[in-house]
Amino acid sequence: AKKTVSRLQHNVNVPDSIRGGGSPFTTVTYSPLSASASKKKNPDASSKAGQIVYTYGSANMLKQYNWLPSSSDEGSEASSTEDKESQGDRRKQTGSSRGTGIGFAIKANQWANESCKYMFDSSYDRVIILGDRIYECANAICKRLAQELGKPKSREVQDNGESDVKPSSTVADTNLNHAVKEEPTGEADIEREEDNFSSWFEGIKVNHVDYPSSEVIRVLGRIVVESSSSTANGTSTDKQPSTNSRNQASKLSIVDYDEHTLRYTRLDLSKVQVPSWWSLFPGQTVLLEGINPRGTMFTVKQIHCERSLTPPRAPTTLEKTVSFVIASAPYTDIDDLLYEKLASLLAYCNNNPPDVLILSGPFADADRKLYAEVAETFEEYFEKIIGTIMNSIGGNTEVFVVAHHNDLVSSFVFPTPPYKVASFYKNLHFLPNPCVFSIEGVEIGITTVDVIKHLIESECTVANVMPTGSAAPIGGDKIKRAYGHLFNQASFYPLNPPPEDVPLDVDMLNEFGRLSRIPNIMICPSALNRYVREINGCVCINPGFVDGHSTDGSFARLIIQPPEIDEQQQPRESQSALFPPPTSYIACQIVKT
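Procedures and definitions
- Residues numbered from 1 in each chain as written.
- Predicted model: local features only at pLDDT ≥ 70, side-chain atom pairs only at ≥ 80, totals over all residues.
- Heavy atoms only, no water.
- UniProt positions renumbered as here; feature names shortened; annotations may be inferred.
- Helix = DSSP H or I, 4+ residues; strand = E, 2+ residues; numbered from the N terminus.
- Buried < 20%, exposed > 50% of the residue type's maximum accessible area, 1.4 Å probe, protein only.
- Contact = heavy atoms within 4.5 Å.
- Areas by Shrake-Rupley, 256 points an atom, 1.4 Å probe, with all protein chains shown as cover.
- Pairing = 2+ DSSP bridges.
- Axes fitted to C-alpha atoms, helices over the stretch in contact; angles between N-to-C directions.
- Phe/Tyr/Trp six-rings, centres within 6.5 Å; stacked < 30°, edge-to-face > 60°.
- 1 Å grid on protein atoms, 1.4 Å probe; cavity = no way out; pocket = protein on both sides within 12 Å on 5 of 7 lines; lining within 4 Å.
- Points joined across faces, edges and corners; volume = space filled by probe spheres on them.
- Nonpolar A, V, L, I, M, F, W, Y, C, P; charged D, E, K, R; others polar.
- Domains from an automatic or database assignment.
- Polar contact = N/O pair within 3.5 Å; in protein donor to acceptor, adjacent residues only side chain to side chain.
- pLDDT = per-residue confidence, 0-100.

In the annotation of an unreviewed UniProt entry, the entry for the protein chain reads DNA polymerase alpha subunit B, and the organism field reads Anopheles epiroticus. The record in UniProt for the protein chain states the following under Function (unreviewed entry): "Accessory subunit of the DNA polymerase alpha complex (also known as the alpha DNA polymerase-primase complex) which plays an essential role in the initiation of DNA synthesis." According to UniProt, the comment filed for the protein chain under the heading Sequence similarities (unreviewed entry) is "Belongs to the DNA polymerase alpha subunit B family."

Put into structure tokens, the structure is as follows:
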């Protein structure tokens, strides 16, 4: 068996030919091949580094940083102009000054940390937690519906002083068949009998999912996918719906909001009228309207899954222009450990120093067998990577490193505690995954799990159907739809159950993975195509991967200026001034590495 050797022992008298020659990240490995440059690259091929693939924001802001190429230069390297411009000249143009440094804030009690116990929750605990999440989302959804309907809260709600009343255990255990057979006499008896099978959420009456009714009723619960369903030839399947047709949505069911029972019923989505572009995914809390004549199949006519969302406030405390560089792993090629693309990114940051550099893991993917050849401990190897990054970045740049559950030195759990190293750097900050933090009043949400891709692959929807004579699907952009699920479900990861490669801890997600408000910026690195979208007033960014392996790598660069808000406006008018469009103070570009 190979024995791990301390870097203090093997770094002495090691020739450059074995180190790999040149890359600052090169380490000694048991196989010299892993430290050699990739031979699949064509040295004669033209480099695409610096090409802009996506632009968002005001043209005036982009021109201030020379980020807006002219028509004749479009498609050429965008970094060549910037490399010639000094940092001081650019600070004079934008009026930006570091002064006392960047203000950073995050609530420590909202962090997932190394002291957290994970994978200790029982199945019963998970059911209770999911039930609580249903109640929280249900109240928000019903509150919006009550506002739309203009209904006052019900007498039952006012008497109890609560927005919802959970049924007692005696009510939950009542025999449904027996109750239906005995017809109550008198109006009071009828009301009491109906209350046995319903609850009130924000003045909206909700029945249990298996309540039989030929009249239109509302039911509330969580979407699930049946583990197996019989097909016409008698076989069964265990796959989640990933198609966009109504016919293959027959495997969807709804679990009741009452966690003390096992009520559930199958869904018939063939007659949904509102919205016409419906989209459902496993784990989603929804309020459905429809009929259920026999109590075994709920025919859905209307779906309510949205809450009242408040756009993020403009960073009124921001007094200077702040520049960002955002990059995501992988940082090295699939067949070497040279981290050449990361070294190029750091060289760019050295020539064009940003105020903030955000790097998301994993820095050493545990799924890659090549790391088994590293002739030092994983902790030493990770310490070397971080040390090289910090030595390449000036002291005026604040570096934020976001954890990933599949890193060699991280805890294999999601949410993931932040990394840690033995060395101290005053401008280095380790962040958990996921988290929401604030920089100079700008709220930034980030997660390194590819939740957007997981939601798109797991949703059952007709939103992608192309109407006759239309060039666009009825449901619009699938990226915006996925982010809408995050915001409306108020969670960084609302999908349940997750894919096998996501070690989700329901208890930790409930405590550290909530998305209680919409941030100004949302960063979700994904294997999907790179994008920058404005969704509900939030700038959502997929910077791509620094080393795209089979595709071109990329990173995002961002500038945020103090928003222009007229303080002389009247209080009523100033409410709208607090929510200016992000394009007025945020500009972003995605650039190839």
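Novice: When you look at the overall build of the protein chain in this model, what are you seeing that I'm missing?
Specialist: When its secondary structure is counted, the protein chain shows 16 helices and 24 strands. Taking all 593 residues of the protein chain together, 51% fall into the buried category. Long-range contacts, defined here as pairs at least 24 residues apart, represent 76% of the contacts in the protein chain between residues at least 6 apart. With the model as given, the accessible surface of the protein chain reaches about 28000 Å², and the carbon-plus-sulfur share is 48%.

Novice: Where do I start with the pairing of strand β23 (residues 554-560) in this structure?
Specialist: Among the seven residues of β23, seven are classified as buried, and the element is accordingly described as predominantly covered. Both faces of β23 are covered, namely the face carrying S554, A556, L558 and I560 and the face carrying F555, R557 and I559. One ladder, built from five bridges, connects strand β13 (residues 322-328) with β23; its direction is antiparallel. Residue pairing for β23: V325 is matched across the bridge by R557.

Novice: Hey, could you run me through the sheet that holds strand β2 (residues 104-105) in this one?
Specialist: Sheet strands pair via backbone hydrogen bonds, and the direction of the pair is either parallel or antiparallel. Read across the sheet, six strands follow the order β2-β17-β18-β20-β22-β21 without closing on themselves; strand pairing throughout is mixed. Taken across any chain shown, the strands that pair with only one partner, and hence form the sheet edges, are β2 and β21 (531-535). Relative to strand β18 (residues 442-446), strand β17 (residues 435-439) runs antiparallel, the two sharing five bridges. Along β18, the bridge assignment pairs C435 with I446. Contacts from helix α14 (residues 478-489) reach β20 (521-523), β21 and β22 (538-542), with the element oriented near 55° to β21.

Novice: Hey, could you run me through unusual backbone geometry in this one?
Specialist: For residues other than glycine, phi is negative in most cases, and the peptide bonds are mostly trans. Here the amide bond leading from A329 into P330 is cis, since omega sits at 5°, within 30 degrees of zero. Relative to the assigned elements, P330 resides in the loop between β13 and α11 (340-351). Cis rather than trans, the peptide bond between F414 and P415 has omega equal to 5°. Mapping P415 onto the fold places it in the loop between β15 (398-402) and β16 (428-431). At E440, a position not held by glycine, the phi torsion is positive, near 55°.

Novice: Teacher, can you tell me more about the packing of aromatic side chains here?
Specialist: To describe a pair of aromatic rings, one takes the distance between the centres and the angle between the planes. Scanning all chains against the criterion turns up 15 aromatic pairs. The interplanar angle of 70° and the centroid separation of 6.2 Å between the aromatic rings of F363 and Y419 together place this pair among those described as edge-to-face. One end of the pair, F363, is in the loop between β14 (356-360) and α12 (378-392); the other, Y419, is in the loop between β15 and β16, and 56 residues separate them in sequence. Here the two residues F363 and Y419 agree in accessibility, since each one is buried. Pairing F400 with F437 gives two aromatic rings, centres 5.5 Å apart and planes at 20°, and the pair type is stacked. With a gap of 37 residues between them, F400 in strand β15 and F437 in strand β17 connect regions that are remote in the sequence. What makes F437 buried here is its relative accessible area of 2%. Joined through ring pairs, the aromatic side chains of Y331, F363, F382, Y419 and F430 make up one cluster.

Novice: Can you walk me through empty space enclosed by the protein in this structure?
Specialist: Any empty space left between the atoms is revealed when a probe the size of a water molecule rolls over them. One pass over the structure, following the stated rule, counts four cavities of 30 Å³ or more. What the largest cavity holds in volume is close to 250 Å³. Around the largest cavity, the lining comprises 20 residues; the ones closest to its centre are L130, R133, S491, Y493 and P494. The set of elements that each furnish at least two residues to the lining of the largest cavity consists of α6 (123-149) and α15 (506-512). Broken down by element, the residue count for the lining of the largest cavity peaks at five residues, all from α6. Looking at side-chain class alone, the lining of the largest cavity contains ten nonpolar, seven polar and three charged residues. Summarising the domain contributions, the lining of the largest cavity has at least three residues from each of domain 1 (104-115 + 310-449 + 492-564 + 579-592) and domain 2 (122-147 + 197-226 + 247-307).

Novice: Would you mind showing me how to read the side chain of E398 here?
Specialist: Mapping E398 onto the fold places it in strand β15. At 2.8 Å, the side chain of E398 forms a polar contact with the side chain of H429.

Novice: Any chance you could explain the environment of D547 here in plain terms?
Specialist: As for its position among the elements, D547 is in the loop between β22 and β23. Given the relative accessible area of 6%, D547 is considered buried. A sequence separation of 207 residues divides D547 from E340, and the C-alpha atoms of the two residues are 8.7 Å apart. D547 has contacts with P330, Y331, T332, D333 and K341, leaving out every residue within four places of it along the chain. Only 3.1 Å separates the side chain of D547 from the backbone nitrogen of D333, close enough to count as a polar contact.

Novice: Sorry if this is basic, but what is going on with the sheet that holds β15 here?
Specialist: As summarised here, the arrangement of the seven strands in space is β1-β24-β23-β13-β14-β15-β16, forming an open sheet in which the pairing is mixed. Two strands close off the open sheet at either side, each with one partner strand: β1 (52-56) and β16. The sheet shows a mean angle of 15° between the axes of neighbouring strands, taken without regard to direction. Relative to β15, β14 runs parallel, the two sharing five bridges. Looking at the pairing, L357 lines up with V399 of β15. Sitting on the sheet, α11 touches β13, β14 and β23, and the angle it makes with β13 is about 175°.

Novice: I tried to follow the confidence of the model for the protein chain on my own but got confused; where do I start?
Specialist: Low-pLDDT portions of the prediction should not be read for the details of their coordinates. When pLDDT is averaged along the protein chain, the result is 78, and 69% of the positions lie at 70 or above. Here helix α9 (residues 176-181) stands out as the element of the protein chain with the lowest mean pLDDT, 32, in contrast to β20, whose mean of 98 is the highest. pLDDT under 50 marks residues 153-193. Its contacts with residues more than four places away, or in other chains, come to 44 contacts. Counting contacts from residues 229-248, a segment whose pLDDT is below 50, to residues more than four positions away or on other chains yields 42 contacts.

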